[in-house]
Amino acid sequence: MAATHAVRGIGHSVERKEDARFIRGRGRYFDDITLPGMLHMEILRSPYAHARLVSIDTSAAEALPGVVAVVTGELMAQHNLAWMPTLSGDTQAVLVTDKVRYQGQEVACVVAESAYVAKDALELIEVEYEPLDAVTSPQQSSSEDAPLIRDEKEGQTSNHVYHWEAGDKDATDAAFAEADHVVTLDTFYPRSHPSPLECCGCIADVDPATGKATIHLTSQAPHVHRTLFAIVAGLPEQQIRIISPDLGGGFGNKVPIYPGYVVATAASLLIGRPVKWVEDRTGNLISTGFARDYHMRGELAVKDGKMTGLRASLLSDQGAFYADAQPTKFRAGLFHIVTGSYDIPAAHVVADGWYTNKAPGGVAYRCSFRVTEASYLIERLVDNAAHELGVDATRFRLDNFIQPEQFPYHSATGFVYDSGNYPEAMRIALEKLGYDDLRREQEEARKDGRLLGIGIASFTEVVGAGHGKDYDIAGLRMFDSAELRVHPTGKAILKLGVKSQGQGHETTFAQIIAQELGIPAEDIEVQEGDTDNTPYGLGTYASRSTPVAGAAAAMIARRLRDKAKEIAAHLLEASADDIEFEAGNFFVKGSPEPSKSIQDVAFAAYTNLPDGLEAGLEGVTYYDPPNMTFPFGTYAVVVEIDRGTGQWRPVKVVAVDDCGVRINPMIVAGQIMGGLTEGYATAAMQQIAFDEDGNCIGSNFTDYLIPTAWETPEFDLGELTTPSPHHPLGAKGVGESATVGSPAAYVNAVIDALWHAGVKNIDMPLTPDKVWEAMNAAGMPE
Amino acid sequence: MTQLESPSATAGLHRLEVTVNGAAREASVEARLLLVHFLRQELGLTGTHVGCDTTSCGACAVLVDGVPVKSCTMLAVQAQGAEITTVEGLAQGGQLHPIQQAFHEEHGLQCGFCTPGMMLTSVAFLKENPRPTDEEIRFALSGQICRCTGYQNIVKAVQSAAATLEEA
Amino acid sequence: MYPPRFDYLAPASVEEVIEALGEGGGDAKVMAGGQSLIPVLKLRIASVGTIVDLNRVEGLDEIGEEDGRLRIGALVRHVQADRSPLLTKRYALLGATARLVADPLVRNRGTVCGSLAHADPQGDWGSALLAARASAVVRGPEGERTVPVEELALGPFMTTLAPDEVITEVRVPDPGPRASGTYLKLERKVGDFATAAVGVQVSLDNGHVGEVGIGLTGVGATNLRAKAAEDSLRGAEPTDDAIRLAAELAADAAEPQADHRGSVDYKRNVVRVFCERGLRTAISAAQAGEEGRS
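We now turn to the structure provided with this report. Predicted, not measured: the structure shown is a model, and the values here were computed from it.

Cut-offs used in this document
- Residues numbered from 1 in each chain as written.
- Chains lettered and ligands numbered in written order.
- Predicted model: local features only at pLDDT ≥ 70, side-chain atom pairs only at ≥ 80, totals over all residues.
- Heavy atoms only, no water.
- Helix = DSSP H or I, 4+ residues; strand = E, 2+ residues; numbered from the N terminus.
- Rg over C-alpha atoms; globule rule 2.2 N^0.38 Å.
- Buried < 20%, exposed > 50% of the residue type's maximum accessible area, 1.4 Å probe, protein only.
- Contact = heavy atoms within 4.5 Å.
- Areas by Shrake-Rupley, 256 points an atom, 1.4 Å probe, with all protein chains shown as cover.
- Lys, Arg positive; Asp, Glu negative; His and termini not counted.
- Charge placed at Lys NZ, Arg CZ, Asp CG, Glu CD.
- Buried area = accessible area lost by both parts, 1.4 Å probe.
- Salt bridge = Lys/Arg side-chain N within 4 Å of Asp/Glu carboxyl O.
- Core = buried A, V, L, I, M, F, W, Y, C linked by side-chain atoms within 4.5 Å.
- Axes fitted to C-alpha atoms, helices over the stretch in contact; angles between N-to-C directions.
- Parallel < 35°, antiparallel > 145°, perpendicular 65-115°, else oblique.
- Left-handed = near helix turned anticlockwise from the far one by under 90°.
- Nonpolar A, V, L, I, M, F, W, Y, C, P; charged D, E, K, R; others polar.

### Here we look at the overall build of chain A
Okay, step 1: A tally of regular secondary structure across chain A gives 20 helices and 35 strands.
Okay, step 2: Against the globule reference of 28 Å for 782 residues, chain A gives a C-alpha radius of gyration of 27 Å, in line with a compact fold.
Okay, step 3: Buried positions account for 65% of the 782 residues belonging to chain A.
Okay, step 4: Put simply, 79% of the contacts in chain A that link residues at least 6 apart link residues at least 24 apart.
Okay, step 5: Only carbon and sulfur atoms are counted for the fraction: they give 48% of the accessible area of chain A, which is about 24,800 Å².
Okay, step 6: Computed over 64 positive and 106 negative side-chain charges, the separation of the two mean positions in chain A equals 3 Å.

Below is the structure:
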C-alpha cells in the first residue's frame, strides 16, 4: 500500500535512527559520562586460582595522595555486602573474605581521584595468600580427593552443584535397545567469552542528601538489576534508578550482576560522591560471565535409516559460583532442545554441574540458554552418523527432518515447536552452494592431494522466553512490556522493558508501531534502559526482544488503535463498529472519504473527545508469550585445509535463515553475519583455557583471539519466511541463530575433509596445531 | 637526576600543544597519560573508545598527522605539535563525511563502539588507495576488531565511500 | 591500562639521547615506536625510570642504499619498509617481512630497529635480518660500533647492548642481482605472535646456490639462524632434494617450546614446511631473475 510504504513499517530495510549519534562519535556509553566530584575505582584481583586469604594490609595504599578509600571484603562484610545472591540461587563473593576461588577474583578495591592513581595504589596493597590446589575441570572436581571449593557453604560436602534431567529415560533406553546402529560422540564445547568491545562498568551515584542511588550501568536487563540491587544492597527499590545507556555490545556479558557494581555502589554510599568503575579487558575476560565449558557425550540411535533415540549426558563447568543467567526451572538452560530439527521420538538428557576454580557463569554469548551447546552436539552427531552409515549428510537430514505438516510439533523433551519448513531451508542452501558440483569438486581435489570439506548444520533453536509459568529469572516471570503514548501532534514515544546493545531497537520497534498505527517510523521515539522511565521488563538476551517486547509493542499499538477508532467514529459521526483502518487512515466502511488520519485522531484525543472517553492516547501492556518461538535454518560451509600446517579457511559460507517475519531485513542480515562470525571465531580460534594451577590463558586479546576482517569469510545469505503462528507479527527473533547454528557447520566441514583418513572429531577451537595433530594421528600422508 | 626538559615543565608535568580537529589545544599532562585518555578526559572527546588493554582491538584509532594509530599505545606527549583527527572531526560544517554517510547507508555499524576507529582508518586508507579491492580493505582494517557486524557491511561501506569520494 | 609514573625526555640529537641514557643509571629506555614498550608499561609488567624518546632526532627516518648496502634508520617505521620500492625489488625477504609484522596500525608507529632492540624471540625482524646477514650500528658514549645482528640477541628480550647504547641504523648487504627471499609466518590471526615463522634469502651463482640465509622466529630463546640448513644448501644445486634436506635441518635447528600454540613437533613441522616452501619460492623467483616480493 502506498501509505504503508510511506510510513515504512514491517519488512522495510529502514536505515537506523540510532546511527546518527554513533557515526558522529556522540554515542553515550557509560564511560563517556562524567559527574561532578566523580571518583574512580580499580579492582585488585587475585593472582591465584585457589588460596586462603591470610592477611591484607591496605595502609600504604590508603596513604597515597589522591586515594579516598580502600575497600576490602572485611569492610563489605560489616555492611553485609561481602556476599550476594546469584541469578541461579547460589551466593557469590563480592570481595574475598575467607579464600580466593578463581584467578582474577576481586580481593579489594581502591577509590581515588583518578584511575591512574587508583592503579598506583593497587600496587601498594599487600596481600598474603596461602595457595591451595586448584580444580580446573568437572572431571577433577568430581573425583574423590578433590579439594572442597565451597567450604563456606553450609551443607555443601562436595563440588557438585546440581543434577538435572529431561526427557524419557525408559523410552530412550528402549529405542537404543532396538537400534541397528548407535553413533557416539564425546565432545567438549570450550569455554569462551562474549567479550563485547565495550567492557562492563558503572557510575554509582548515591545522593547523600536524598539517599537516591542513580547508577549508570552496563545492563542488558536494567529492571531486573534494579530489583536485585534493592534486595542485595538493602536499598529501597524506589530509591534506585538504573540507567543503562548506549552499550557497546552485550552478547549476554551484561546480564549478571558483578562485584564491581556492588562495591562501587557501596563506596558511593559510604563516601558520598559518585564512583565510576571501568572494567579493563583483563578483568572482563578473567572474571565476568563466561560461556559454554560443557563436556558432552551424545548418542544417537538409528534404525532403518531413521533416528529413533537420542541421549545426551553433560558435565557442566560452573566455575566457583553457580551464577548462570537462565530461567530458574532449567538447570541446563534450554539444552533439551537437543533433538533439534529431527523427528526423534525418544530422548533423554542428564546434566550435572560442578564447581571449579574458575570465574562463574556458563550461560552467555548468544547461546539462547545453552542452545549453542545442544545444537552443536546434535549437528555434529548427525554428520558423524551420516559418515558412519555411508549416507550423504544432507540426505540423512532430509530423511529425518520434522516435516512441515507435523507442526506444531511436540518434541521428545517437551517443546512445542511453533512452525518450520526444514526441507525448504535445506533446498535453498544446497542450491546456493551448488552442492552436487561441490561434491564432485571435492573428489577431484582429493585426487590432487587437496583437502576440501563441506559442512552442513540444520539447526532449530528456541527463543522468546517466555511463558511466565515456565520461565522466570530469579523468580521474575519472563513477560515483557511496551508503553506507548501518541502526542497531540501525532508523534509518538514508545518505551520498552528490553534493552538494545546494538540490535537496532530504536528503528525496528518504531517500525512495528508504524505498521500498526500508520505513524511514520521517524516520528516515533523509542526509549529503553532507564528504570525511572520505562515499563518493567526482563531485558534483552536469548533473542527475546522481538518475540516478547515486539509482541507487546504490537499489542499496545492495536489497543490504542481500538481507542483511536472510537475517536475517529466521533469525528466522522459514525458508529465505532463501522470504522475501518488502513495505512494510518480511519474511514467509514465502504467510503474511504472522508477519512481521518491517525494524526487527526491523536489531536482529537486531547481536544475533541466523545463523552465518557478518557483523554489521551496511551497505554502500557505486559505481554506473556503463549509459547517460545523456533527460528531455524541450514548453514553450509566449504573449507580447504593445508596438510602441511593444519591451517584451514572457509572458502564459502552459505546461510539460510528462517526467523519468521522480518521486521527490518537489513538489520536481520546484520545480526546473522555477526553471529556467523562469532561462530567462526568459536570454531577456529576462541578459547579461555587454564593450566593445571588454574592460571587463565585467555585473559587478554593476545590469547583470547577474535577474528579480524582478514580472517573472517564472506557470507552468502538466503532467506525463508515461515511465520510464527502465535506471535502477533509472525516474527521469531534472530539475534542468536547464527552463533547457535554455525559452529557445527565449520567443524563439520573440517571433519568432512578428513573423515576419509580416519579423523572423526576435533574439539573446538580447531586451531592449526590441533588439526595437524589429528591428521598425523590418523596417519595421513604428507 | 638532572632533567633535560623544557623550562616550562613543572612537577613532572609536560606542556602539550596539539591541534585536534583543526583547533589548537594545550594542556599540562603527565608523561604517562595515554593519548586516548588525553582525548577523552582532558578534551572531552569521547568518540574515541577503549576496548582492550593489549593494543589489540583498535577501538582507540585516531589519525595523527593523517596516519591511523592506536591512541592507547601512544603517550599524549608524543603528539606534541601534531595534528590529530578524531571521529568528531570528520563532519565538516554540519555535513557528514562520505565515510559516515556510507557506514549509515550500508549498515556498517551495530553497537557503534568500533565505528569511529573503523571510519578514521578507512578515510586514511582511501586517500592512499582510492579504488581498493575488498581484500585490500580487509587487510587495511585487520588491526581492528568488530564484534557485531561480521565486517561484510563495513567493507561495503568503505567501497561505497570510495565511490562517492571518486565522484567528488 | 594505566602506566606507572616515569620521567620523559625527547632530546633532539643522538648525543643527548646517549647522555640521557647514561644519566638514567640503567633505568632509562629508548622509545622509538613505543609499540612494544608502552604495552608492557600499561600492563605494569615492567616499569622504567626514564623514557628517552627518539622521535625528535632528525635524520633517523631514512631508508636507502649506500655503498652496496641497505640502510634502515632507527625511526623507519614498519609501514615505510613495507612501502619501500627497494624492499619490493631488491630485498624481497625484508619486503615480505614488513607486511606481516603486527597489524597495520601498529606498523604505522613501530620501527624496524626498535623491534630488533626489543629482541622478542617471536619478533619477525630479528629472524629476517639474521637471514639477510644484517648488522646494527650502535652508538654509545664511547662512539660507534657495528654489531652483526647475530651477536645482538642474548635471550628473550635481552641484548648485548649496554644500557647507554642505542641502535641508530641497520645495514643490510646487497644480496646481488639474482637473489630473492620471502618470509612465511604462521599466525592464528593478524596481530597474533608467530607460532613459528621462517625467513629465507637465496642468492644464486651460476645456477647454484651462492649465499643463503634462513632465520627462524618463535622457536627458540632468540631468533635463530639455521646454520646447518644454510651450509647444506650453500654451493649446491637447488634441487627438490636439496631443499627438502635444508628444510629438515632447519627444523632440527629449531628449539621450540610446547604451549597453547602447539607442541614441539608441530612447531618444528611448521619450520620444515615453511622453510621448504620459502626456499622454493625464493629460488624460483631468483631463477626467473624476477626481483619480486613473494
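Additional details are given in the paragraphs that follow.
### Focus: the overall build of chain C
Okay, step 1: Helices and strands together make up the secondary structure of chain C, namely 11 helices and 14 strands.
Okay, step 2: Expected size for 294 residues packed as a compact globule is a radius of gyration near 19 Å; at 19 Å, chain C falls within 12% of this value.
Okay, step 3: Along the first, second and third principal axes, the C-alpha atoms of chain C reach 55 × 45 × 30 Å.
Okay, step 4: Within chain C, residue pairs in contact and separated by at least 24 positions form 64% of the contacts whose partners lie at least 6 positions apart.
Okay, step 5: If you sum the accessible surface of chain C, you get close to 10,700 Å²; carbon and sulfur atoms cover 47% of it.
Okay, step 6: Across chain C, the centroid of the 33 positively charged side chains sits 6 Å from that of the 42 negatively charged ones.

### Re the interface of chain B and chain A
Okay, step 1: Of the residues lining the interface, 45 residues belong to chain B; the matching set on chain A comes to 52 residues.
Okay, step 2: Buried area between chain B and chain A, both sides added, is near 4,200 Å², and the carbon and sulfur share of it is 56%.
Okay, step 3: If you look at where chain B meets chain A, you find three salt bridges.
Okay, step 4: Those elements that provide at least two residues to the side of chain B that touches chain A are helix 1 (35-42), helix 2 (98-105), helix 4 (134-140) and helix 5 (152-167) of chain B.

### What to know about the nonpolar core
Residues and elements named next belong to chain A.
Okay, step 1: Among the nonpolar cores identified, the biggest contains 162 residues, and Met76, Leu300, Phe335, Ile641, Trp648 and Leu754 are the most heavily contacted of them.
Okay, step 2: The dominant element in this core, judged by the number of residues it contributes, is helix 19 (residues 737-754), at 11 residues.
Okay, step 3: Not counting residues up to four positions away in its chain, the partners in contact with Ile641 are Leu451, Gly646, Gln647, Trp648, Val750, Ala753, Leu754, Val771 and Met775.

### Considering the packing of helix 2 of chain B against helix 3 (residues 115-128) of chain B
Pairs of packed helices are described in terms of their axes, by the angle between the two and the distance that separates them.
All names here are of chain B.
Okay, step 1: The contact between helix 2 and helix 3 brings their axes to 10 Å, and the two run at 125°. When the interaxial angle is binned, helix 2 and helix 3 end up oblique. Crossing of helix 2 over helix 3 shows right-handed handedness. Contacts between helix 2 and helix 3 involve Ile99, Gln100 and Phe103 on the former and, on the latter, Thr115, Met118, Met119, Ser122, Val123 and Leu126.
Okay, step 2: Across the contact of helix 2 with helix 3, the residue classes break down as six nonpolar, three polar and no charged.

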